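Descriptive analysis of the structure
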Amino acid sequence: MNATKRVVLLGAGLVSGPIARYLLELPWCRLTVATLEERDARALVGDHPHARTAPLDVNHGDRLAGLIGDSDLVISLVPFAFHVLVARAAIRHRVPMITTSYVSPEMQALDAEAREAGVLILNESGLDPGIDHMSAMRVIRRARATGGTITGFWSYCGGLPAPGSADNPWRYKFSWSPRGALLAGKLAARYLEDGQVRHIPGEALFRHAHACTIEGLGEFEAYPNRDSLRYVRVYDLPHVRDMLRGTLRYPGWCAAMNAVAELGLLDLTERSWRPGATHALFLESFLPPGDGTLAERLCRRLGLPADHDVIRRFEWMGLLSDEPLASREGAPLDVLAGRFQHKLVYGPGERDMVVLKHTFRVERGGAAPETLHSLLLAYGEPGGETATARTVSWPAAISARRILEGKLRLAGVHVPVLPEIYEPVLEELSRLGIELREWSGAAS
């Protein structure tokens, strides 16, 4: 195409890089990266001749409106709480918008207004949510085309250290915000099991883990992820009796995180910690008074033996140490997030891994049910882009290109469950090395 197209990318965080690089390879694209700290945007695009940067506080409506009004497309990677604010400005200026975040009720409420304005607001265009929807819908559509009815659907996704890099007691490292991960661990969940709705309160989330085998990698554990029931309607599965979307981790994660939740370390109440407070004093504040060492009191509080894996994880994290807190102010969750940020990091030469597995039960009349599987394994580059960043950002980038080329003409608030959205994205992801393997029958 010959006409220059202008894109404004809001945010310069961990997954922004692959989007920026993808778009700047398009000779007709002009990219503006706008973020609170402009130096982050400059670090993202360097001195590329087709890129510019801008400082932006999303709460400044006039500045936000000016950037969006001067663009052909806006990609919002700011914290999810701001997406509705961005969407309203996009609708007002009739500029399509893409996010990788879940559709909130407030965002969904903008559907009629977006349709009337002829504006596409495309959400959930990342990995989970995103590629999970696209890969699921491709299998569902094919099963229906051969007369099948989906009566069971189990989907598991995780961004994890690759096996050779899972070398700490937690067997986890962060390629995204630790605070975001801890906040997700406070969310309630719902899913279908044998036709019955199961409600899991946030405080009990990690007590509902179960084993999940990933072909070629071995056994992991999974726990429910948010509201699976919502996707009964989104995927149009009126006959489904089992429906579960879950998060994958290496074994032992859920027991440790359940202990974190039981102790109250996910509390968001702001507190002041006394001068010289250490991580040991921080942890002690969540334990009842009693005799014995801090470790002994922790064991009693959790009902665990001293050599339990959970206790070893707490000790390795430094939560029983005399190391001082980084700040005298903050919620317990933020203290813990800071500790995770400090300890659970990738070292030189290490790489992350993305795992996405679907299993479907398909029924056809009186025949025995068929089991279908879909599996995505992707690995990051040591010292380069992470698998998490690529799989979260490339679906949004590919959709952005198709919108700018005039190949995706929709209006309203959407997620990528329509074939005109997901088929071209999955096809290009395959060319980029992000491939899904599909098979029928027992585990392969």
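Residues numbered from 1 in each chain as written. Predicted model: local features only at pLDDT ≥ 70, side-chain atom pairs only at ≥ 80, totals over all residues. Heavy atoms only, no water.

**Re the overall build of the chain**
Within the chain, the regular secondary structure consists of 16 helices and 18 strands. In summary, the chain has a C-alpha radius of gyration of 23 Å against a globular reference of 22 Å for 444 residues, a match within 12%. If one aligns the C-alpha atoms of the chain with their principal axes, the spans along those axes are about 75 × 60 × 40 Å. Split into buried and exposed, the 444 residues of the chain put 54% on the buried side. (Helix = DSSP H or I, 4+ residues; strand = E, 2+ residues; numbered from the N terminus. Rg over C-alpha atoms; globule rule 2.2 N^0.38 Å. Buried < 20%, exposed > 50% of the residue type's maximum accessible area, 1.4 Å probe, protein only.)

**A short note on the packing of helix α3 (residues 61-69) against helix α4 (residues 83-92)**
Two elements in contact, α3 and α4, have axes whose closest approach is 9 Å; the angle formed by their N-to-C orientations is 50 degrees. Compared by their axis directions, α3 and α4 come out oblique. α4 is crossed by α3, and the crossing has right-handed handedness. Contacts from Leu-64, Ala-65 and Ile-68 of α3 reach α4 at Leu-85, Val-86, Ala-89, Ala-90 and Arg-92. Residues of the contact of α3 with α4, tallied by class, amount to 7 nonpolar, no polar and 1 charged. (Axes fitted to C-alpha atoms, helices over the stretch in contact; angles between N-to-C directions. Parallel < 35°, antiparallel > 145°, perpendicular 65-115°, else oblique. Left-handed = near helix turned anticlockwise from the far one by under 90°. Contact = heavy atoms within 4.5 Å. Nonpolar A, V, L, I, M, F, W, Y, C, P; charged D, E, K, R; others polar.)

**A few points about the packing of aromatic side chains**
This structure, assessed with the given rule, holds 13 aromatic pairs. Here the aromatic residues Trp-170, Tyr-172, Phe-174, Trp-253 and Phe-340 are joined through ring pairs into a cluster of three or more. Here the guanidinium or amino end of Arg-171 rests over the ring plane of Tyr-250, the centre of that ring lying 4.1 Å away. Stacked on the ring of Trp-253, the Lys or Arg Arg-249 has its end atom at 5.5 Å from the ring centre. (Phe/Tyr/Trp six-rings, centres within 6.5 Å; stacked < 30°, edge-to-face > 60°. Lys NZ or Arg CZ within 6 Å of the ring centre and 35° of its normal.)

**Here we look at the pairing of strand β12 (residues 242-249)**
Burial analysis of β12 places 8 of its 8 residues in the buried class, the great majority of the element. Here β12 shows no split at all, with Asp-242, Leu-244, Gly-246 and Leu-248 on one side and Met-243, Arg-245, Thr-247 and Arg-249 on the other all buried. By the bridge criterion, 6 bridges tie strand β7 (residues 149-161) to β12 in an arrangement that is parallel. Bridge pairing links Cys-157 to Thr-247 in β12. Of the pairings in the sheet, the one linking strand β11 (residues 218-224) to β12 comprises 4 bridges and is antiparallel in character. Looking at the pairing, Tyr-223 lines up with Thr-247 of β12. (Pairing = 2+ DSSP bridges.)

**Some words on the sheet that holds strand β3 (residues 51-55)**
Pairing in this open sheet of 7 strands is parallel, and the strands run β3-β2-β1-β4-β5-β6-β17 from one edge to the other. Single-partner strands in this sheet number two, and they are β3 and β17 (412-414). Neighbour-to-neighbour, the strand axes of this sheet turn through a mean angle of 20 degrees, independent of strand direction. With 3 bridges connecting them, strand β6 (residues 120-122) and β17 associate as parallel partners. Residue Leu-122 lies in a different strand from β17, and its bridge partner there is His-414.

**A short note on helix α14 (residues 332-343)**
A turn of α-helix holds 3.6 residues, and therefore any two residues three or four places apart point the same way. A rise of 1.5 Å per residue sets the reference length of α14, with its 12 residues, at 16 Å; its end C-alpha atoms lie 17 Å apart and thus fit the reference within 8%. Contacts made by the buried residues of α14 are with α8 (178-184), α10 (253-263), β13 (271-272), α11 (279-284), α13 (309-317) and β14 (329-330). (Expected span 1.5 Å × (residues − 1).)

**Points about α13**
For α13, the full list of buried residues reads Val-310, Ile-311, Arg-313, Phe-314 and Met-317. Down the axis of α13, the sector holding all buried residues measures 160 degrees, keeping them to one side. Immediately downstream of α13, the backbone of Gly-318 shows phi near 85 degrees, a positive value. (Arc of directions from axis to C-beta.)

**A look at the environment of Ala-367**
With respect to the helices and strands, the residue Ala-367 is situated in the loop between β15 (352-363) and β16 (370-379). Placed 294 residues apart in sequence, Ala-367 and Leu-73 show a C-alpha to C-alpha distance of 49 Å.

**Re the packing of helix α15 (residues 387-404) against helix α16 (residues 419-431)**
Two packed helices can be described by the angle between their axes and the distance between those axes. The interhelical angle for the contact between α15 and α16, taken along N-to-C directions, is 115 degrees, at an axis separation of 10 Å. Note that α15 runs across α16; the crossing there is right-handed. Facing α15, whose interface residues are Trp-394, Pro-395, Ile-398, Ser-399, Arg-401 and Arg-402, α16 presents Glu-420, Pro-424, Val-425, Glu-428 and Leu-429. Grouping the constituent residues of the contact of α15 with α16 by class yields 6 nonpolar, 1 polar and 4 charged.

**What to know about the nonpolar core**
Counting 98 residues, the largest nonpolar core has Leu-23, Ile-75, Ile-121 and Tyr-235 as the members making the most contacts within it. Counting residues per element, this core draws most heavily on α15, at 10 residues. The residues touching Leu-23, leaving out its near neighbours within four places in the chain, are Val-7, Cys-29, Leu-31, Ile-75, Ala-397 and Ala-400. Counting residues in hydrophobic clusters, the runner-up holds 60 residues, among them Ala-181, Ala-222, Cys-299 and Leu-336. (Core = buried A, V, L, I, M, F, W, Y, C linked by side-chain atoms within 4.5 Å.)

**Description of unusual backbone geometry**
Residue Pro-129 follows Asp-128 across a cis peptide bond; omega there is 15 degrees. For Arg-226, which is not glycine, the phi dihedral falls at a positive 55 degrees. Position of Arg-226 among the secondary structure elements: in the loop between β11 and α9 (230-234). A relative accessible area of 34% means that Arg-226 is categorised as partly exposed.

**Remarks on the side chain of Asn-123**
Along the polypeptide, Asn-123 turns up in the loop between β6 and α7 (131-145). Owing to a relative accessible area of 1%, Asn-123 belongs among the buried residues under this scheme. At a separation of 3.2 Å, a polar atom in the side chain of Asn-123 contacts the side chain of Thr-99. Setting aside residues up to four positions removed in sequence, Asn-123 forms contacts with Thr-99, Ser-101, Val-103, Met-107, Val-413, His-414, Val-415 and Pro-416. (Polar contact = N/O pair within 3.5 Å; in protein donor to acceptor, adjacent residues only side chain to side chain.)

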